[in-house]
Amino acid sequence: MTVLRALLALTLVAALAGCSAGSTAYSSPSADSITIGASAAPANLDFTHTDGAAIPQALLDNVYQGLVRLDANGAIVPQLATSWTVSPDRRTYDFQLRTGVTFTDGEPFTADAVKFSIDRVHTDWTISLKSQMDVVDHVEVVDPAHAHVVLKQPSNGWLFSMTGRVGAMFAPGGVRQLATTPIGTGPYQLDRFNRGDSLVLKANPGYWGPKPAYRRVVLKYFQDPTALNNALLSNGIDVISSVQAPDSLAQFASDERFTTIQGTTTAEVVLSFNNAVAPLNDKRVRQALTYGIDRKALLDTAWAGKGLLIGSMVPPSDPWYEDLSTVYPYDPAKARQLLADAGHQHLTLRLRIPNLPYAVDSAQVIRSQLAAIGVTVTIEELDFPAVWLKQVFTGHDFDMSIVAHVEARDIATFGNPKYYWGYRNPAVTQLLAEADAGTPQQQIADMKQVARTINADAAADWLFLLPNLIVAKKGITGLPPNQVGEAFDLSALGRS
Amino acid sequence: MALLRRAGIFLLTLAIASLVVFAFMAVLPGDPAQVALGVNATPELLAQTRHAFGIDRPLPVQYLDWIGGLFTGDFGRSYVTGDAIGPQLLDRFEVTLWLVGAATVVAVLVAIPLGTLAAAKHRTASGTVVSGLSQLGAAVPAFLAGIVLVEIFAVSLHILPSGGWTPPDADPVAFLKGLVLPALSLGLVQAAVLTRYVRSAVLDVLREDYLRTARAKGLKPTQALVRHGLRNAAVPVVTVLGLQLATLLIGAVVVERVFVIPGLGSMLLDAVGSRDLIVVQDVVMVLVAAVLVVNLLVDVLYTVVDPRLRRAR
């Protein structure tokens with residue numbers, strides 16, 4: 001049978017190809033192992049050269065640690081530093097370091113590693129976030145357990161940045177192969193990275209802190225939300241770290257195998273206005289649009305009612321959070337009046353949105369609600385990120401857009417008149433600078449003022465804050481409820 | 001002579017494909033440097049990155065550089081990760097080959113008996129049912145078949161994983177379990193198409209004089225068909241199988257996404273999303289080359305299956 005022979009040959013070719021290529025190993029699931037499904041896969045493991053949220057999410061706090069970290073409520077707490085003091089001029093930070101800590105390559109963690117890691121951001125990092133370290137003048141090694149960091153000018157923002165990836169501590173001898181071999185001081189170390197598929201972490205036997213409850217954590221990546229949900233429903237994974245399609249929560253709620261955790265994030269879904277050009281350079285028009293949108297109804301449609309109405313660019317995990325969501329109640333009559341005052345009976349606006357589900361759903365609601373106040377909205381979907389970044393973000397070619405601004409403390413963008421929303425208010429820029437330089441108390445007062453000011457100016461319409469939705473098998477404890485920093489902290493995971 | 005001409009056509013097709021792919025990438029809106037750097041990029045950093053990627057050079061230079069690299073086995077470096085693309089491409093291609101190979105086995109194992117049955121019994125109810133089902137099955141897209149299979153076997157019955165990939169040498173059992181559903185969803189649809197061709201090929205053969213002769217010599221109809229008929233029916237079936245391999249490769253791109261399989265298809269879709277243009281170009285070229293190679297193999301197989309064609313050349 002020649003046909004059979006041909007088929008055999010074909011199978012053989014496939015088999016040979018299989019044997020030749022380098023392959024990966026999985027362990028069979030056990031009580032010691034937990035598999036967490038996530039949606040964005042890291043391209044490699046080097047967050048000093050490759051941008052994106054996926055790498056720090058997996059590695060920060062788990063493999064790499066910083067001097068300080070963010071706790072689940074957004075407070076800056078010690079990690080590799082046991083304590084720190086700030087000089088009266090707020091320019092010098094004096095860190096006492098934890099002793100007896102070693103990196104997974106055996107090197108001890110000392111003040112030399114602190115100096116090495118901070119200096120290296122200037123010299124070797126290529127991602128744009130490295131500018132967070134520009135404010136550092138120099139680092140002094142006082143003794144192995146003691147480091148001084150001297151800033152060029154006072155900056156509260158710098159210490160906050162140190163909780164993120166730029167604050168990660170590296171072993172001076174451990175940075176040769178960051179893309180494949182991360183070396184840190186955290187509770188876990190890399191076991192395997194199967195690109196495009198999964199990242200396997202194993203417990204670090206020499207860890208200075210409490211031993212993790214699971215010896216092995218597998219982070220498994222799914223581009224497609226349905227595939228992610230199916231994996232949990234069919235026992236392929238134990239946790240969905242962040243539900244991307246809230247409508248699917250119902251199927252987990254009705255299944256007694258699972259529990260759902262709802263926390264907060266720092267991702268404000270913003271209806272952005274092009275403040276720089278007519279007609280949205282008129283505050284009355286922006287306010288009219290803000291009165292003309294029923295944000296509660298929009299949240300129900302776009303994100304199944306899960307999420308928080310915030311009213312400004314501040315999530316509840318920031319110390320200066322205030323609920324400003326009621327300043328512009330839904331009031332179509334007032335909206336029409338404001339538009340008439342501004343001289344617009346009929347207005348046509350281009351809403352240019354990324355082709356992401358929350359943006360598309362929100363845009364439909366906005367179009368129909370604004371039609372009621374005499375504003376015609378034309379929706380244009382742009383491929384995200386490439387086309388949206390080029391045309392809206394960089395090119396400023398839009399009237400309105402809708403994007404989730406996920407970065408922590410991104411309210412500072414309202415102090416930058418070149419940012420895509422083109423908001424120019426010297427008072428806000430000034431307040432942001434004072435907040436950064438001042439004491440923590442001053443910072444809170446100033447930041448509240450910034451939030452109130454941009455809200456009063458209707459610089460944008462803050463539609464809602466994305467919730468952090470986790471679904472887990474019953475009995476799994478210690479999942480971080482809030483996504484407030486760059487890390488997905490696995491260290492507290494346990495079993496009940 | 002014929003072989004030389006074939007090789008020439010092969011290379012020319014590849015060259016044209018490369019030009020088309022490159023041109024598409026060049027007009028695709030979006031700046032790879034901007035996508036790589038994200039929202040914090042400064043103009044200086046953008047310019048630096050464009051230079052590092054080499055995308056600030058004239059298009060013809062970029063094209064020749066890329067093609068020149070391909071000839072020396074250098075697939076370039078990813079814009080997103082900075083890693084060499086070649087080794088990754090091999091890994092991903094291996095995964096896709098497993099998927100396509102398994103789907104082909106499914107298609108053949110289902111289609112040959114069913115198609116033969118439909119032809120041998122074409123006047124009876126069972127034959128009509130088989131050809132009806134194959135008509136229906138051929139109209140189902142592979143990803144839809146995949147979604148239905150996952151719903152039944154993974155989500156409801158929990159007997160097979162809903163997706164994911166385990167390399168064969170890591171855990172052969174998990175590998176096979178993970179391969180079943182994607183191979184079925186790709187393979188069954190192909191089987192439906194193939195069944196129709198097997199049926200008509202066998203029907204044609206049944207009408208041939210030599211089969212009548214065989215039966216006149218005392219063979220039962222089934223014996224005659226198996227001993228003399230199937231080999232002759234194989235020629236058109238192999239042709240279709242070759243053509244189908246091309247559609248299988250394309251189908252795999254979608255099915256890989258449904259089943260979270262890290263093959264060429266996932267690699268392609270990820271790269272399009274992040275505007276990792278050079279990866280897109282490389283993957284598409286590998287797919288084009290694979291399809292062309294399959295066509296070439298089909299031509300060679302003809303002569304193996306049917307000695308008459310060998311003599312004719």
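What counts, and where the lines are drawn
- Residues numbered from 1 in each chain as written.
- Chains lettered and ligands numbered in written order.
- Predicted model: local features only at pLDDT ≥ 70, side-chain atom pairs only at ≥ 80, totals over all residues.
- Heavy atoms only, no water.
- Helix = DSSP H or I, 4+ residues; strand = E, 2+ residues; numbered from the N terminus.
- Rg over C-alpha atoms; globule rule 2.2 N^0.38 Å.
- Buried < 20%, exposed > 50% of the residue type's maximum accessible area, 1.4 Å probe, protein only.
- Contact = heavy atoms within 4.5 Å.
- Areas by Shrake-Rupley, 256 points an atom, 1.4 Å probe, with all protein chains shown as cover.
- Lys, Arg positive; Asp, Glu negative; His and termini not counted.
- Charge placed at Lys NZ, Arg CZ, Asp CG, Glu CD.
- Core = buried A, V, L, I, M, F, W, Y, C linked by side-chain atoms within 4.5 Å.
- UniProt positions renumbered as here; feature names shortened; annotations may be inferred.
- Patch = residues over 30% accessible without salt bridge, like charges linked within 9 Å, V, L, I, M, F, W, Y side chains within 5 Å.
- Salt bridge = Lys/Arg side-chain N within 4 Å of Asp/Glu carboxyl O.
- 1 Å grid on protein atoms, 1.4 Å probe; cavity = no way out; pocket = protein on both sides within 12 Å on 5 of 7 lines; lining within 4 Å.
- Points joined across faces, edges and corners; volume = space filled by probe spheres on them.
- Nonpolar A, V, L, I, M, F, W, Y, C, P; charged D, E, K, R; others polar.
- Buried area = accessible area lost by both parts, 1.4 Å probe.
- Polar contact = N/O pair within 3.5 Å; in protein donor to acceptor, adjacent residues only side chain to side chain.
- Phe/Tyr/Trp six-rings, centres within 6.5 Å; stacked < 30°, edge-to-face > 60°.
- Pairing = 2+ DSSP bridges.
- Axes fitted to C-alpha atoms, helices over the stretch in contact; angles between N-to-C directions.
- Right-handed = clockwise from strand over helix to strand, strands pointing away.
- Parallel < 35°, antiparallel > 145°, perpendicular 65-115°, else oblique.
- Left-handed = near helix turned anticlockwise from the far one by under 90°.

## So, the overall build of chain A
Per the secondary structure count, chain A includes 13 helices and 18 strands. On C-alpha atoms alone, chain A measures out to a radius of gyration of 25 Å, which is about the 23 Å that the 2.2 N^0.38 rule sets for 496 residues. Within chain A, the fraction of its 496 residues that count as buried is 54%. Counted over contacts in chain A with a minimum sequence separation of 6, partners at least 24 positions apart contribute 70%. On chain A, roughly 19100 Å² of surface is accessible, and the fraction owed to carbon and sulfur atoms is 54%. Positive and negative side-chain charges in chain A, numbering 39 and 47 respectively, have mean positions lying 4 Å apart.

## Looking at the nonpolar core
Core analysis: the biggest nonpolar cluster contains 156 residues, and A:Met400, A:Ile402 and A:Phe414 have the highest contact counts within it. Discounting residues that sit within four places of it in the chain, A:Met400 has contacts with A:Leu271, A:Ser272, A:Phe273, A:Leu280, A:Leu289, A:Leu349, A:Arg350, A:Leu351, A:Arg352, A:Leu370 and A:Val377.

## Comments concerning the UniProt feature "domain: ABC transmembrane type-1" (unreviewed entry) in chain B
Following the UniProt record, the feature "domain: ABC transmembrane type-1" (unreviewed entry) maps to residues 93-298 of chain B here. Here residues 93-298 of chain B is 83% helix and 0% strand, with 20 Å between the C-alpha atoms at its ends.

## A look at a nonpolar patch on the surface
Residue and element names in this part refer to chain B. A cluster of nonpolar side chains, contributed by Val-140, Phe-143, Leu-144, Ile-147, Val-148, Ile-152, Leu-157, Ile-159 and Val-254, occupies part of the molecular surface with about 720 Å² of accessible area. Broken down by element, the residue count for the nonpolar patch peaks at five residues, all from helix α7 (residues 142-156). With respect to the helices and strands, Ile-159 occurs in the loop between α7 and α8 (172-206). Relative accessible area serves as the criterion here: at 48%, Ile-159 is assigned to the partly exposed category.

## Section: empty space enclosed by the protein
Here the structure, examined in full by the defined rule, presents four cavities of 30 Å³ or more. Lining the largest cavity we find 15 residues, and of these A:Gly196, A:Tyr221, A:Gln223, B:Val260 and B:Ser266 sit closest to its centre. Breaking the lining of the largest cavity down by element, the ones donating at least two residues are α10 (221-259) and α11 (264-273) of chain B. Grouping the amino acids of the lining of the largest cavity by side-chain chemistry returns six nonpolar, four polar and five charged. Computed from the structure, the second largest cavity encloses a volume of approximately 80 Å³. Lining the second largest cavity are A:Thr290, A:Arg295, A:Gly311, A:Leu324, A:Ser325, A:Val327, A:Tyr328, A:Asn455, A:Ala460, A:Asp461 and A:Trp462. Top element by residues in the lining of the second largest cavity is strand β16 (residues 460-473) of chain A. It accounts for three residues. Among the residues making up the lining of the second largest cavity, the classes are represented as five nonpolar, four polar and two charged.

## Topic: the interface of chain A and chain B
Opposite the 48 residues of chain A that make contact, chain B presents 48 residues. For the pair chain A and chain B, the summed buried surface comes to about 4100 Å²; carbon and sulfur atoms form 64% of the total. Connecting chain A to chain B are two salt bridges. With a shortest N-O distance of 3.4 Å, A:Arg195 and B:Asp83 are connected by a salt bridge. On the surface where chain A and chain B come into contact, there are eight residue pairs in polar contact (both at pLDDT 80 or more). Only α1 (2-20), β10 (216-221), α5 (225-233) and α11 (386-394) of chain A provide two or more residues apiece to the side of chain A that touches chain B. It is α1(A) that provides the largest number of residues to the side of chain A that touches chain B, a total of ten residues. Counted by class, the side of chain A that touches chain B contains 23 nonpolar, 16 polar and nine charged residues.

## Comments concerning the packing of aromatic side chains
Evaluation of the coordinates by the stated rule reveals 32 aromatic pairs over all chains. Residues A:Phe414 and A:Tyr423 carry aromatic rings whose centres are separated by 5.8 Å and whose planes lie at 75° to one another, so their mutual orientation is edge-to-face. With relative accessibility at 0%, the residue A:Phe414 sits in the buried group. With relative accessibility at 3%, the residue A:Tyr423 sits in the buried group. Seen in terms of ring centroids, B:Phe22 and B:Trp66 are 6.3 Å apart; in terms of plane orientation they differ by 25°. Their pairing is stacked.

## Digging into the sheet that holds strand β4 (residues 81-86) of chain A
Residues and elements named next belong to chain A. Taken together, four strands build an open sheet; the order of strands is β4-β5-β7-β6 and the sheet is antiparallel. Strand pairing shows two members of the sheet lacking a second neighbour, β4 and β6 (136-143), which therefore form its edges. Put simply, the sheet's adjacent strands are angled 20° from each other on average, direction ignored. Bridge analysis of β4 against strand β5 (residues 92-97) gives five bridges, and the strand direction is antiparallel. Following the sheet pairing, Val-86 is matched in β5 by Tyr-93. Sitting on the sheet, helix α3 (residues 111-124) touches β5, β6 and β7 (146-151), and the angle it makes with β6 is about 165°.

## Describing helix α7 (residues 283-291) of chain A
Residues and elements named next belong to chain A. The buried fraction of α7 amounts to seven of the nine residues, a majority that puts the element mostly inside the structure. Every buried residue belonging to α7 is among Val-285, Arg-286, Gln-287, Ala-288, Leu-289, Thr-290 and Tyr-291, and all of these are buried. Sitting at the head of α7, Asp-282 places a side-chain oxygen 2.8 Å from the backbone nitrogen of Arg-284.

## Considerations on the environment of B:Trp66
Residues and elements named next belong to chain B. The residue Trp-66 is located in helix α4 (residues 59-71) in this model. When the C-alpha positions of Trp-66 and Ser-18 are compared, they lie 9.7 Å apart, and in sequence the two are 48 residues distant. Apart from the residues lying within four places of it in its own chain, the contact partners of Trp-66 are Ser-18, Phe-22, Ile-278, Gln-281, Asp-282 and Met-285. Here Asp-282 takes part through its side chain, which lies 2.7 Å from a polar atom of the side chain of Trp-66.

## Re the pairing of strand β14 (residues 375-382) of chain A
All names here are of chain A. Where strand β13 (residues 347-354) and β14 come together, eight bridges link them in parallel fashion. Directly across from Arg-350, in β14, lies its bridge partner Thr-378. A crossover connection joins β13 to the parallel β14 through helix α10 (residues 357-371); in handedness this β-α-β unit is right-handed.

## Regarding the pattern of salt bridges
Residues and elements named next belong to chain A. Under the criterion given, the structure shown has 25 salt bridges over all chains. Here Asp-119 makes a salt bridge to Lys-115, at a shortest N to O gap of 3.1 Å. Of this pair, Asp-119 and Lys-115 both sit in helix α3, four residues apart, which is roughly one turn of that helix. Between Asp-124 and Arg-120 there is a salt bridge whose closest N-O contact spans 3.7 Å. Highlighted residues: Asp-124 and Arg-120, both in helix α3, separated by four residues, approximately one helical turn. Assessed through its relative accessible area of 7%, Arg-120 is described here as buried. Within this structure, Arg-350, Arg-352, Glu-380 and Asp-397 form a network of salt bridges that share partners.

## Quick look at the UniProt feature "domain: Solute-binding protein family" (unreviewed entry) in chain A
UniProt marks residues 76-405 of chain A with the feature "domain: Solute-binding protein family" (unreviewed entry), using the numbering shown here. Secondary structure across residues 76-405 of chain A divides into 26% helix and 27% strand, with the first and last C-alpha atoms of the span separated by 21 Å.

## Digging into the packing of α7(A) against helix α9 (residues 332-341) of chain A
All names here are of chain A. Where α7 meets α9, the axes come as close as 8 Å, and the angle between the chain directions of the two elements is 165°. By the angle between their directions, the pair α7 and α9 is classed as roughly antiparallel. When the axes of α7 and α9 are compared, the crossing they make is left-handed. On the side of α7, the interface is formed by Arg-284, Val-285, Gln-287, Ala-288 and Tyr-291, while α9 contributes Pro-332, Lys-334, Ala-335, Leu-338, Leu-339 and Asp-341.

## Examining the UniProt feature "transmembrane region" (unreviewed entry) in chain B
Residue and element names in this part refer to chain B. Under the UniProt annotation, the feature "transmembrane region" (unreviewed entry) is placed at residues 7-28, 97-120, 132-159, 179-198, 233-255 and 283-305. Helix makes up 79% of residues 132-159 and strand 0%, with an end-to-end C-alpha separation of 30 Å. Helix makes up 100% of residues 233-255 and strand 0%. Its end C-alpha atoms lie 31 Å apart.

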